[in-house]
Amino acid sequence: MSRTTRLSSSLLRAAAVTGVAALTLTACGSGSGSGSSGSGSGEVKVGLITKTDTNPFFVKMKEGAEKAAKENGAQLSTAAGKFDGDNAGQVTAIENMVAAGVKGILITPSDSKAIVPAIEKARAKGVLVIALDTPTEPESAVDALFATDNLKAGQLIGEYAKAAMKGKSAKIAALDLAPGVSVGVQRHDGFLKGFGATDKDVVCAQDTGGDQAKGQTAMENCLQKSPDINVVYTINEPAALGAYTALKAKGREKDVLIVSVDGGCTGTRAVKDGKIAATSQQYPLKMAAEGVKAVVTYAKDGKKASGYTDTGVTLITDKAQTGVTSKDTAYGLENCWG
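A quick note: this is a predicted structure, and the numbers were derived from the prediction, not measured.

1. Thoughts on the state of the cysteines
One way to say it: the disulfide is the covalent bond shared by the sulfur atoms of two cysteines.
Next, step 1: Evaluated as defined, the whole model comprises two disulfides.
Next, step 2: Sulfur-sulfur distance for the disulfide between Cys204 and Cys222 comes to 2.1 Å. Here the disulfide of Cys204 and Cys222 is left-handed, its torsion about the S-S bond being about -80 degrees. A residue pair is termed long-range when its members are at least 10 positions apart, and Cys204 in strand β7 (residues 202-207) and Cys222 in helix α8 (residues 212-225) qualify at 18 residues.
Next, step 3: On the accessibility criterion, Cys204 (2% relative accessible area) is buried.
Next, step 4: Put simply, Cys265 and Cys336 are joined by a disulfide, and their sulfur atoms are 2.0 Å apart. Between Cys265 and Cys336 the disulfide shows an S-S torsion of about 90 degrees. By sign, it is right-handed. Taken together, the residues span a long stretch of sequence, with Cys265 in helix α10 (residues 265-272) and Cys336 in the segment after α12 (329-335) at a distance of 71 residues.
Next, step 5: Assigning the bonded cysteines of the chain consecutive numbers by sequence position, one obtains the connectivity 1-2, 3-4.

2. Focus: the sheet that holds strand β5 (residues 144-147)
Next, step 1: If you walk across this open sheet you meet the six strands as β2-β1-β3-β4-β5-β11, and the pairing is parallel. Lying at the two open borders of the sheet, with one neighbouring strand each, are β2 (74-80) and β11 (307-310). The sheet shows a mean angle of 20 degrees between the axes of neighbouring strands, direction not considered.
Next, step 2: Its contacts with the sheet put helix α4 (residues 87-99) on β1 (44-50), β2 and β3 (104-107), and the angle it makes with β1 is roughly 175 degrees.
Next, step 3: Lying over the sheet, helix α11 (residues 284-301) contacts β1, β2, β3, β4 (128-132) and β5, oriented at roughly 170 degrees with respect to β4.

3. Details of the pattern of salt bridges
Next, step 1: Scanning all chains against the criterion turns up seven salt bridges.
Next, step 2: Between Asp255 and Arg252 there is a salt bridge, with its nearest N and O atoms 2.7 Å apart.
Next, step 3: The class for Asp255 is partly exposed, based on a relative accessible area of 45%.
Next, step 4: Arg252 sits in the buried class, given a relative accessible area of 17%.
Next, step 5: Its salt-bridge partner being Lys293, residue Glu290 comes within 3.6 Å of it at the nearest N-O pair. In this pair, Glu290 and Lys293 both sit in helix α11, three residues apart, roughly one turn of the helix.
Next, step 6: When its relative accessible area of 31% is taken as the criterion, Glu290 is described as partly exposed.
Next, step 7: Using a relative accessible area of 35% as the deciding quantity, one classes Lys293 as partly exposed.

Conventions used here
Residues numbered from 1 in each chain as written. Predicted model: local features only at pLDDT ≥ 70, side-chain atom pairs only at ≥ 80, totals over all residues. Heavy atoms only, no water. Disulfide = S-S within 2.5 Å. Helix = DSSP H or I, 4+ residues; strand = E, 2+ residues; numbered from the N terminus. Buried < 20%, exposed > 50% of the residue type's maximum accessible area, 1.4 Å probe, protein only. Pairing = 2+ DSSP bridges. Axes fitted to C-alpha atoms, helices over the stretch in contact; angles between N-to-C directions. Contact = heavy atoms within 4.5 Å. Salt bridge = Lys/Arg side-chain N within 4 Å of Asp/Glu carboxyl O.

Structure representation (structure tokens):
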């Protein structure tokens, strides 16, 4: 895109837009993507950057943003990392979107700390930046956060697991996300808080990246280390289904309690089928829709969204436990995503 010849200001603007659009060209197989809703030159430009464009959670988030953009007369550009943890890809997407003239950027940070310098540069140029789902570290690095209360999501499944164990001694395995990702830390800590446990009570902890295959491998490793595991906390439902596969291979699927977070349609059906005992359902479509509306409001009257907006979480299970508020899978399937 850069050449030795001089570019006029109009060509520079065109080149910037091309930079964002170029992410679309690499999308088919790389995990990066870009697109737009609306075509009017007077529309408010909004950017959405997700961790990946393959995870159903982020697919639904993109759908919510696209719908809200059409309803609010905004032009949406989207991009995603090539993989969960692709901070460099997200930094490039931020730079391209700022160059293209977006008024606001919605982002689910792959690395809560490493993304902060790029966000600070965007904000310094007057771009409203809102984190979705995953807070930055520090949280004040963005103008606002629209997200599930991930500590609460973890706490709900921890309380459920404690009640479901009915006083039996727990041998806990934790299938986590990855180091440095705040959403994973919050869900893990919330689960322990809800269960009334500490990390000392976890007999095996493995990172899965939220991936089903890695979840299966992690569970296999944990069973080798501690064959008597009877409670499994998982960062999300793909990891939970991986754990279930490993347990089933050992004939343990009926005597190990699996709890998770997300509330996707596949995961909710797994709860209905008895593969997962309970999950905390979150609402990505709402996060994205509210984010788009906030950018449009900022563009029209200069009012910035600020602070934290809780987009809600609901415990989903068909085996309710006394003292733990929950809804059944019929409700979960009506409100799931993916």
